[in-house]
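Structural features, examined
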Amino acid sequence: MTDTLDRLEREFLPSPPARILELGCGNGMSWSLLMAGKGYEVHGVDISEAAIVWAKEQFAERGLSGAFREGNVCEMPFIPDASFDIVMDGSCLHCLIGGDRTQCLQEVYRILRPDGVFVVSTMCGLPKSDEAKARLTRSTSSYCRTAVRTAR
């Protein structure tokens with residue numbers, strides 16, 4: 001994961017102290033922890049109240065600064081428009097289906113700054129069904145293969 005983050009930083013991400021939001025941050029010990037350690041201004045949203053409490057405790061124990069909030073990633077009215085440089089998916093997006101996924105992506109678009117970066121982390125890999133494969137364009141397929149190779 002740190003190799004992937006290092007490459008993202010070199011090639012795509014704005015430098016610290018850019019503002020980052022982790023969707024589905026859980027206990028804050030994934031992307032949030034790594035990014036806070038690099039000097040980013042870290043925020044996290046998770047639907048689990050217990051996870052948010054734990055994230056706050058974990059950051060406090062480590063002397064790290066982070067703002068964590070319980071909330072639904074499909075509706076984030078507590079976040080102003082164009083307020084984040086980076087939004088990172090904490091392996092949350094693949095859990096959303098249908099209209100929820102669309103709503104989440106619309107929220108990401110709304111809260112990202114115009115030159116912002118959206119990083120999707122998924123454990124799903126490339127499509128396996130013929131129907132799903134047919135929906136990929138040649139350029140999307142190439143990008144997905146590159147992203148999967150990079151993440152390994």
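A short tour of the structure in this document, coming up. The structure displayed is predicted, hence computed values, not measured ones.

Observations concerning the nonpolar core
By size, the foremost hydrophobic cluster in this structure holds 19 residues, and its most contacted members are L13, M35, Y40, V42, I86 and M88. Within the residue set of this core, elements represented by two or more residues are α1 (2–11), α2 (31–37), α3 (49–62), β4 (84–90) and β5 (112–121). Not counting chain neighbours up to four residues away, the residues in contact with L13 comprise L5, L8, M35, Y40, I86, V117 and V119. The next biggest cluster of nonpolar side chains, apart from the first, holds 16 residues, and it includes L23, I79, L93 and C104.

What about α3?
Its 14 residues give α3 an end-to-end C-alpha distance of 20 Å, which sits within 8% of 20 Å, the value for a rise of 1.5 Å per residue. Of all the residues in α3, the buried ones are A51, I52, A55, Q58 and F59. One face of α3 carries all of its buried residues, which in axial projection span an arc of 125 degrees. Among the exposed residues of α3, those pointing more than 90 degrees away from its buried face are E49, A50, A60 and E61. Buried-residue contacts for α3 involve α2, β2 (41–46) and β3 (66–70). One or two positions beyond α3, positive phi appears at G63, with a value near 70 degrees.

Remarks on α1
Taken together, the buried positions of α1 are T4, L5 and L8. Down the axis, α1 shows its buried residues gathered within 100 degrees of arc, on one side only. Exposed and facing more than 90 degrees away from the buried side of α1 are D3 and R10.

Quick look at the packing of aromatic side chains
All told, the structure shown has 1 aromatic pair when counted by the stated rule. Considering the side-chain rings of F59 and F68, the 4.8 Å spacing of their centres and the 75 degrees angle between planes classify their relative orientation as edge-to-face. Side by side, F59 and F68 carry an identical accessibility label, which is buried. Over the ring of F84 we find R19; its NZ or CZ atom is 4.6 Å from the centre of that ring.

What counts and how
Residues numbered from 1 in each chain as written. Predicted model: local features only at pLDDT ≥ 70, side-chain atom pairs only at ≥ 80, totals over all residues. Heavy atoms only, no water. Core = buried A, V, L, I, M, F, W, Y, C linked by side-chain atoms within 4.5 Å. Buried < 20%, exposed > 50% of the residue type's maximum accessible area, 1.4 Å probe, protein only. Helix = DSSP H or I, 4+ residues; strand = E, 2+ residues; numbered from the N terminus. Contact = heavy atoms within 4.5 Å. Expected span 1.5 Å × (residues − 1). Arc of directions from axis to C-beta. Phe/Tyr/Trp six-rings, centres within 6.5 Å; stacked < 30°, edge-to-face > 60°. Lys NZ or Arg CZ within 6 Å of the ring centre and 35° of its normal.

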